[in-house]
Amino acid sequence: MKVLVTVKEVATVEDDFEISGTEIEDTYLDYDLNEWDDYAVEEGVQLAEAGDDVEVVAVTIGPERAEETIRMALAKGADRAVRVWDDAIEDVELLDVETKARLLGAVVEDEDPDLVLSGVQANDDSFGATGVALAEDVGFAWAAVVNALDTEKVLDEGVASVHRELEGGVEELTDVELPAVLTIQTGINEPRYASLRGIRQAQSKEIKPQSLDDLGLDAGVVESSLDITAMYEPETESEAQYFEGDAADQAGALADVLRDKGVVGE
Amino acid sequence: MTDVLAVADHRRGDLRDVSLELLTAGRELADASGGDLHAAVISGDTDEFAEKLNREGVDAIHTVDNGEEFNHDVYVQAVEALVTDLDAEFLVTPNSVNGLDYAPAVASRLGRPYVSDAVGLDYDDGTLEVTREMYGSKVETTVEVEDGPFVVSIRGAEWPAAEDIGDAEVSAFDFAPDEDAIRSTVNGFEEVGGGDVDISEADFLVSIGRGIEEEENIELIEELAEVTGATLSSSRPIVDNGWLPKNRQVGQSGKQVTPDVYLAIGISGAVQHVAGMKGADTIVAINTDPNAPIFDIADYGIVGDLFDVVPELIEQFGGDPPSV
Ligand SMILES: Cc1cc2nc3c(=O)[nH]c(=O)nc-3n(C[C@H](O)[C@H](O)[C@H](O)COP(=O)(O)OP(=O)(O)OC[C@H]3O[C@@H](n4cnc5c(N)ncnc54)[C@H](O)[C@@H]3O)c2cc1C
Ligand SMILES: Nc1ncnc2c1ncn2[C@@H]1O[C@H](COP(=O)(O)O)[C@@H](O)[C@H]1O
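Residues numbered from 1 in each chain as written. Chains lettered and ligands numbered in written order. Predicted model: local features only at pLDDT ≥ 70, side-chain atom pairs only at ≥ 80, totals over all residues. Heavy atoms only, no water.

Regarding a negative patch on the surface
What counts is decided by this rule: In this scheme, patches are assembled from residues that exceed 30% relative accessible area and form no salt bridge. Like charges are connected within 9 Å, while nonpolar side chains (Val, Leu, Ile, Met, Phe, Trp, Tyr) are connected within 5 Å. Each accessible area value is a Shrake-Rupley result obtained with a 1.4 Å probe; residue values ignore everything except the protein chains displayed when judging cover. We define a salt bridge as a contact between a side-chain nitrogen of Lys or Arg and a carboxyl oxygen of Asp or Glu at a distance within 4 Å. All tallies of charge rest on Lys and Arg as positive and Asp and Glu as negative; His and the ends of each chain are not included. Throughout, a charge is located at the NZ atom of Lys, the CZ atom of Arg, the CG atom of Asp or the CD atom of Glu. Only DSSP runs of H or I reaching four residues or more are called helices, and only runs of E reaching two or more are called strands; each is numbered from the N terminus.
On the surface, a cluster of negative charge is contributed by E235(A), E237(A), E239(A), E158(B), D203(B), D260(B), D281(B) and D299(B). Along the chain, E158(B) falls in the loop between β11 (150-154) and β12 (169-172).

Okay, here's the thing in structure tokens:
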């Protein structure tokens, strides 16, 4: 059985930052494995540990810098990786969901996995949509916002029996046929830290570069029909009264408010 | 080709709030484009839902009778059929968990870009401008889409609910799903997050977020809760990490709380968190980042390090801060 895990290197922004044009200046960005994808990788690795002969392949669309992040997935137990990149992609500001789904779809067609695990959302642009769009594109079944997966049923019966986490503490119990794409919610498992041994082994695992050409796609596929025309810091709607001074002053002022509201038992 | 289609959200017999907000957002688009506003409701007690959706500004309501609960395979087919049949220029869906499960697939089928989680929509002369947030609400962006049909999902609680009773024409939409294309089965529901404490009953919540960094440090907040007689709650990552049980989680997928005072410590104020606590009477936030979105809804703010402020606060109430 083959499990494909989509992983994205996401940018996080420092507390103070500057915007130039429609982008945050790179010096204020740090890069990391998307939180949701960390859980997806773990779920894939747990399947591999529970079953015989399960291969876990990580796939990303990202520049060379993203290799560092994809090595993290390899260090945590993915067997090998695919990195899609191309000059034509570099020129696009933001890949819309459909574009990403087509690029990842070409990898799915190439790899022919039984199960694709992706994250509910990417922490930076938060479309929350790539996994489901990918499933539709490649004709797989799917389930979004999965916070429990029955490992045995996947391995033995070829069915993904999942919980979908709905709003307000309610979960939906759903079965989907394989092949399927599941978008993984945080909390589904406890992502492991990469061990030193894992990090060492990851160095010798394959990261296969794939250009549009390699995937049999032409440059038209990355033509975005979305355009970011402005980026700005939202005007603060804050009407908060701030407590000034050192920590003791601040705590003193807050204590007065709490006593005043009558919520603190004496 | 100027009409708008808004697809209602419901679960287990209840129309969800966002459904009426969709009508407001949809009406704005219809006014801007000069089209009609259509609402659709799929599955469940469609007659009852249609009555509730019949608000001022809605021109037509389409019902699709098919089972009781949401099934994305049915929704994808039905919504695609509706958009095509109505020749709608705009499809507006909720950015709810079920929305996440069907809207991207519909957009993909229609061959149109999907813009999710809109907090603002502006249509002018063939171009749709969507306002959405990025980087955990640190920035807002304007995303432009040219040429319809447009597919957007809207964030909950951003548009007011449509209020007054309307006189839309209600009709059953003629639709039968292709059963072979239904590859998912919903077997039921499960309630989670029960147990010994009910944070939604508390008058005073001391709530902790990822700013606490390590499990051991939670002791500090427990001590604060102890000396102030508060109940301890948290944001999601704390529960995901297994540091506190699920019944302590505030937010979209946890509990909705309305205490007299909500003290958010090291919580950024992500939309899914705020959904659970914005109804608190008084909101206080302690955060090192002066731009953290939690301050937008706070009544009182402390820009500072929780590891400095919380021990002082414990002392204010005669406690002895643990060293963390
Ligand atoms: C479908 C879905 C459902 C979700 N449901 C929920 C939900 O029910 N509840 C929920 O909470 N989230 C939910 N989330 C997750 C949500 O999007 C955020 O990821 C989460 O709320 C972030 O939690 P946080 O604020 O604790 O962490 P972060 O966003 O990481 O914020 C940590 C904050 O701590 C501050 N900080 C750091 N160090 C210190 C210090 N020493 N002193 C003071 N401040 C400090 C930082 O400045 C930052 O603002 C959901 C997400 C999805 C996609
Ligand atoms: N550039 C990318 N490379 C690989 N996977 C991605 C990429 N962008 C998004 N994904 C996957 O799709 C999920 C949802 O992302 P999004 O729809 O952008 O919020 C992420 O958690 C990833 O698993």
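Describing the site of ligand 2
Residue and element names in this part refer to chain A. Note the threshold: Whether a residue is near a molecule or strand depends on its heavy atoms: it is near if one of them lies within 4 Å of it. Any pair of N or O atoms that falls within 3.5 Å is considered a polar contact. Within protein, one atom must be able to donate a hydrogen and the other to accept it, and sequence-neighbouring residues count only if both atoms are side-chain atoms. In this classification, Asp, Glu, Lys and Arg are treated as charged, Ala, Val, Leu, Ile, Met, Phe, Trp, Tyr, Cys and Pro as nonpolar, and every other residue, Gly included, as polar.
Surrounding ligand 2, one finds 19 residues, the nearest of these being T6, D37, A122, G128 and T130. One nitrogen or oxygen atom from the main chain of I61 is found 2.9 Å from a nitrogen atom belonging to ligand 2. Residue F127 places a main-chain N or O atom 3.1 Å away from an oxygen atom belonging to ligand 2. In isolation ligand 2 offers 480 Å² of accessible surface; the protein chains occlude 99% of this area. Among the elements that make up the shell around ligand 2, the one with the highest residue count is strand β6 (residues 55-61) (three residues). Of the residues belonging to the shell around ligand 2, the class tally is six nonpolar, nine polar and four charged.

Remarks on the site of ligand 1
Near ligand 1 there are 28 residues, and of these S235(B), S253(B), S268(B), Q272(B) and N287(B) occur at the shortest range. Residue neighbours of ligand 1 fall on chains A and B, so the site bridges chains. For ligand 1, an oxygen atom lies 2.8 Å from a polar atom in the backbone of R210(B). At a separation of 2.9 Å, an oxygen atom of ligand 1 approaches a polar backbone atom of R236(B). Surface burial for ligand 1 is 87%, taken as the share of its 980 Å² of free accessible area covered by protein chains.

Comments concerning the UniProt feature "domain: Electron transfer flavoprotein alpha/beta-subunit N-terminal" (unreviewed entry) in chain B
For the record, the criterion: UniProt positions are given in the numbering used here, feature names are shortened, and annotations may be inferred rather than shown by experiment.
Mapped onto this structure's residue numbering, the UniProt feature "domain: Electron transfer flavoprotein alpha/beta-subunit N-terminal" (unreviewed entry) falls at residues 4-186 of chain B. The span residues 4-186 of chain B is 29% helical and 34% strand by assignment, and the distance between its end C-alpha atoms comes to 30 Å.

Structural notes on the sheet that holds strand β9 (residues 127-134) of chain B
Within a beta sheet, neighbouring strands are joined by backbone hydrogen bonds and run either parallel or antiparallel to one another. Our working rule: Only when DSSP finds a minimum of two bridges between them are two strands counted as paired. Lines are fitted to the C-alpha atoms to define the axes, a helix being fitted only along its stretch in contact, and any angle between axes, read from their N-to-C directions, falls within 0 to 180 degrees. In this description, contact between two residues means that some pair of their heavy atoms is separated by no more than 4.5 Å.
The four strands are arranged β14(A)-β10(B)-β9(B)-β8(B) in an open sheet whose pairing can be described as antiparallel. One side of each edge strand has no neighbouring strand; the edge strands of this open sheet are β14 (226-232) of chain A together with β8 (120-124) of chain B. Averaged over all adjacent pairs, the angle separating strand axes in this sheet is 25°, with direction ignored. Note that β14(A) and strand β10 (residues 139-146) of chain B share six bridges and pair antiparallel. Note that in β10(B) the partner of I228(A) across the bridge is V143(B). This element, helix α1 (residues 18-33) of chain B, spans β8 and β9 of chain B of the sheet and lies at about 15° to β8(B).

Quick look at the interface of chain B and chain A
The condition is simple: Defined here as a combined quantity, buried area equals the accessible surface (1.4 Å probe) lost by two parts on assembly, summed across both.
The interface of chain B with chain A comprises 83 residues on the first partner and 81 residues on the second. Summing both sides of the interface, chain B and chain A together bury roughly 7,100 Å²; the carbon and sulfur share of this comes to 55%. Looking at the side of chain B facing chain A, the largest losses of area belong to Y135(B), R183(B) and Y300(B), adding up to 10% of the total buried there. In this assembly, chain B and chain A are joined by eight salt bridges. A salt bridge links E165(A) to K246(B), with the nearest nitrogen and oxygen atoms 3.4 Å apart. The tally of links from chain B across to chain A stands at 42 residue pairs in polar contact (both at pLDDT 80 or more).

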